[in-house]
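# Examination of the molecular architecture
Each chain, written out:
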Amino acid sequence: MIKDLLRKQRIETPSWAYGNSGTRFKVFAQQGVPRDPYEKIADAAQVHRFTGVAPTVALHIPWDKVSSYADLARHAAELGVGIGAINSNVFQDDDYKLGSVTHPDPAVRAKALAHLLECVDIMDETGSDTLKLWFSDGTNYPGQDDIRARQDRLAEALSAVYERLGEGQRFLLEYKLFEPAFYVTDVPDWGTAYAHCMRLGPKAEVVVDTGHHAPGTNIEFIVAFLLREGKLGGFDFNSRFYADDDLMVGAADPFQLFRIMFEVIGGGGYTERTAFMLDQCHNIEPKIPGQIRSVMNVQEATAKALLVDRDALAAAQREGDVLGANAVLMDAYNTDVRPLLAELREEMGLAPDPMAAYAGSGYFEKIAADRVGGNQAGWGA
Ligand code: PSV
Ligand code: MN
């Protein structure tokens, strides 16, 4: 039963995790890094090949701009994966210095909106059903712009995108506490995202990026609440020690990841409707193994959350048995689920240890030798 649920799990990897990345201080180039979206998808296919649960890869536009998205989708299918969420990018153009969809200048707003609509066109071409919207919009100084007017402009753009969505398509609105804006961020928290999505309707949902909260925020509460309201669209998984560190999910706080998955399962969110996406950068560790490890971390947290004896928990809760209830949860968390997952992989025809299997596959040696010349993908810094 637990194995069946784990076998059906779907974790999406991001195209940008395969490219070079860094901090604002330095991007360290690595060997074998993809030069174009086709090579990024080839790397994503390796993550699926060894884990069996990562069948889609998210695109970020314009980082993954190609002349034919239908051709890119075909390439993905040939490698056994599909195109997942389309991520918009209205944060890397000089015009967006003061914002994109909330910019005081209507011409800049129109340009940003045109990009968002172009992303929906790409969804049509690739067959993707999910648009992910994150806005870096905000202000750095009190008085710089009108907070309420910016909300009006945001609502106007979101409504235009919403109207453009076709049958079976949706958008996920992402929030982030701060950065790059340091004073006001226009979508800083789940409440703001939720309110905008609520007004629009069922095709607008909130996406929780686990790195986008103030330290100490109870993310599992947000997850439980959004699920209860039918507004949890998915996750951008990663982990953090300080701010939006984009480290491997489950690396900084595996217990938090378990608590999140526990709420997802309890709230009925362990379905295809919830997108379990990774949003990470591998600045110093190798990228494909970094993604494989991350997928495994999500699987482990999920397996532990599935192991919780819900009947025993409900009984303890009914009786007001504080320590008993807590023990039920901790028993599951403290279970070593690695043997169970190894067994499942073997049943799926995979190697029990994806990290070792990838290391022994020769793929890295091949891309390191083949991918010489050209421009390595990355967002620069
Ligand atoms: C912003 O920090 C974010 O989490 C958004 O999802 C972006 O699209 C992504 O990172 C990629 O940089
Ligand atoms: Mn994100």
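The structure this text deals with has already been given above.
This section reports on the structure supplied with the text. Source: prediction; values computed, not measured. (Residues numbered from 1 in each chain as written. Chains lettered and ligands numbered in written order. Predicted model: local features only at pLDDT ≥ 70, side-chain atom pairs only at ≥ 80, totals over all residues. Heavy atoms only, no water.)

### A word on empty space enclosed by the protein
The condition is simple: Think of a 1 Å grid over just the protein atoms. A cavity is a set of points where a 1.4 Å probe fits yet cannot get out, a pocket is an open set with protein on both sides within 12 Å along at least five of seven lines, and lining residues have an atom within 4 Å of a point. Grid points are joined across faces, edges and corners, and a volume is the space filled by probe spheres set on the points. Amino acid classes used here: Ala, Val, Leu, Ile, Met, Phe, Trp, Tyr, Cys and Pro are nonpolar; Asp, Glu, Lys and Arg are charged; the rest, including Gly, are polar.
Summed over the entire model, instances satisfying the criterion amount to 1 cavity of 30 Å³ or more. In terms of lining, the largest cavity is formed by Thr210, Asn238, Ser239, Val249, Gly250, Asp253, Gln256, Leu257 and Ile260. Of the residues that constitute the lining of the largest cavity, the class distribution is 3 nonpolar, 5 polar and 1 charged.

### What to know about the nonpolar core
Note the threshold: We define the nonpolar core as a collection of buried residues of types Ala, Val, Leu, Ile, Met, Phe, Trp, Tyr and Cys that are connected through side-chain atoms lying within 4.5 Å of one another. Only protein chains enter the accessibility calculation, which uses a 1.4 Å probe; a residue whose area is less than 20% of its type maximum is buried, one above 50% is exposed, and one in between is partly exposed. The way it works is that DSSP assigns letters per residue, a run of H or I at least four long becomes a helix, a run of E at least two long becomes a strand, and they are numbered from the N terminus. We call two residues in contact when some of their heavy atoms are within 4.5 Å.
If you look at the biggest cluster of nonpolar residues, it comprises 94 residues, and the most contacted ones within it are Phe135, Phe171, Leu173, Phe235 and Phe237. Residue contributions to this core peak at 9 residues, all from helix H9 (residues 287-307). If sequence neighbours within four positions are ignored, Phe171 has contacts with Leu131, Leu133, Leu158, Val161, Tyr162, Leu165, Cys197, Leu200, Lys203, Ala204 and Glu205.

### Some remarks on the coordination of the manganese ion (ligand 2)
Under the convention used in this document: Each metal's donors comprise the N, O and S atoms found within 2.8 Å of it (within 3.2 Å for Na, K or Ca). Water is not part of the atom list, so some coordination spheres may appear incomplete. Here the metal geometry follows the donor angles, with tetrahedral for four donors whose angles all fall between 85 and 135 degrees, square planar for four and octahedral for six when opposite donors are more than 155 degrees apart and every other angle is between 65 and 115, and irregular for all the rest.
Protein ligation of the manganese ion (ligand 2) involves Glu174 (OE), Asp209 (OD), Asp236 (OD) and Asp279 (OD), the donor distances falling in the range 2.1 to 2.2 Å. Here the manganese ion (ligand 2) is ringed by 6 donor atoms whose angles at the metal span 72 to 164°, and the overall shape comes out octahedral. If you list the donors of the manganese ion (ligand 2) from N- to C-terminus, the spacing comes out as E-x34-D-x26-D-x42-D. Of this pair, Glu174 sits in strand E6 (residues 170-174) while Asp209 sits in strand E8 (residues 204-209); the two residues are 35 residues apart in sequence, bridging distant segments of the chain. An identical accessibility class is assigned to Glu174 and Asp209; each is buried.

### Considerations on the site of ligand 1
To be explicit about the condition: Whether a residue is near a molecule or strand depends on its heavy atoms: it is near if one of them lies within 4 Å of it. Under the rule applied, a polar contact is a pair of N or O atoms within 3.5 Å (in protein, one hydrogen donor and one hydrogen acceptor; residues adjacent in sequence only if both atoms are side-chain atoms). All accessibility values rest on the Shrake-Rupley procedure with a 1.4 Å probe; residue burial counts only the protein chains present in the view. For a molecule to be placed in a cavity or pocket, more than half of its atoms must lie within 2 Å of the grid points of that cavity or pocket.
Around ligand 1, a shell composed of Trp16, His60, Trp63, Lys132, Trp134, Glu174, Lys176, Asp209, His212, Asp236, Asp244 and Asp279 is seen. Between ligand 1 and the protein, one listed contact pairs an oxygen atom with a side-chain N or O atom of Glu174 at 2.8 Å. Measuring from an oxygen atom of ligand 1, one finds a side-chain N or O atom of His212 at 3.1 Å. For ligand 1, whose unbound accessible area comes to 310 Å², protein coverage reaches 90%. When each cavity is represented as a set of grid points, ligand 1 is found to reside in the largest pocket.

### Details of the side chain of Asn87
Within the secondary structure layout, Asn87 lies in strand E3 (residues 82-87). Judged by its relative accessible area of 4%, Asn87 is buried. Here Asn87 is in contact with Trp16, Ala58, Leu59, His60, Ile61, Cys119 and Lys132, once residues within four sequence places are set aside.

### What to know about the packing of aromatic side chains
Just so we agree on the cut-off: Aromatic rings from Phe, Tyr and Trp, with only the six-membered ring used for Trp, were paired whenever their centres fell within 6.5 Å, and each pair was classed as stacked if the ring planes differed by under 30 degrees, edge-to-face if by over 60, and tilted otherwise.
This structure, assessed with the given rule, holds 18 aromatic pairs. Their ring planes at 65° and their centres at 5.0 Å tell us that Phe91 and Trp134 sit as a pair that is edge-to-face. Taken together, the residues Phe91 in the loop between E3 and helix H4 (106-126) and Trp134 in strand E4 (residues 130-134) connect sequence positions 43 residues apart. Their ring planes at 55° and their centres at 6.3 Å tell us that Tyr270 and Phe276 sit as a pair that is tilted. On the accessibility criterion, Phe276 (5% relative accessible area) is buried.

### A few points about the pairing of strand E10 (residues 275-278)
The condition that has to hold: When DSSP finds two or more bridges between two strands, those strands count as paired. Call a crossover right-handed when, viewed with both strands pointing away from you, the route from the first strand across the helix to the second goes clockwise.
Of the two faces of E10, the one holding Ala275 and Met277 and the one holding Phe276 and Leu278 are both buried throughout. Alignment of strand E1 (residues 11-14) against E10, held across 2 bridges, turns out to be parallel. Note that in E10 the partner of Glu12 across the bridge is Met277. Sheet topology places strand E9 (residues 232-237) next to E10; 4 bridges connect them, and they run parallel. Note on E10: the bridge partner recorded for Phe235 is Phe276. With respect to chirality, the unit in which E9 leads through helix H8 (residues 254-266) into the neighbouring parallel E10 is right-handed.

### Regarding the packing of H8 against helix H11 (residues 322-333)
Counted only if it meets this: Under this scheme, a helix contributes an axis fitted over its contacting stretch, all axes are lines through C-alpha atoms, and angles between N-to-C directions fall in the 0 to 180 degree range. Roughly parallel means an angle under 35 degrees; roughly antiparallel, over 145; roughly perpendicular, 65 to 115; everything else is oblique. We call a crossing left-handed when the near helix sits turned anticlockwise from the far one by less than a right angle, and right-handed when that turn is clockwise.
The geometry of H8 relative to H11 is characterised by a closest axis approach of 11 Å and an angle of 115° between their N-to-C directions. Here H8 is positioned roughly perpendicular relative to H11, judged by the angle of their axes. Crossing handedness for the pair H8 and H11: right-handed. Only Leu329, Met330, Ala332 and Tyr333 of H11 make contact with H8, whose side of the interface consists of Pro254, Phe255, Phe258 and Phe262. When grouped by side-chain class, the residues that make up the contact of H8 with H11 number 8 nonpolar, no polar and no charged.

### Section: the packing of H8 against H9
Between H8 and H9, the shortest axis-to-axis distance is 8 Å and the interhelical angle comes to 55°. With respect to H9, the axis of H8 lies oblique. Note that H8 runs across H9; the crossing there is right-handed. Of the residues in H9, those in contact with Leu257, Phe258, Met261, Phe262 and Ile265 of H8 are Asn297, Val298, Ala301, Thr302, Lys304, Ala305 and Leu306. Partitioned by chemical class, the residues of the contact of H8 with H9 number 9 nonpolar, 2 polar and 1 charged.

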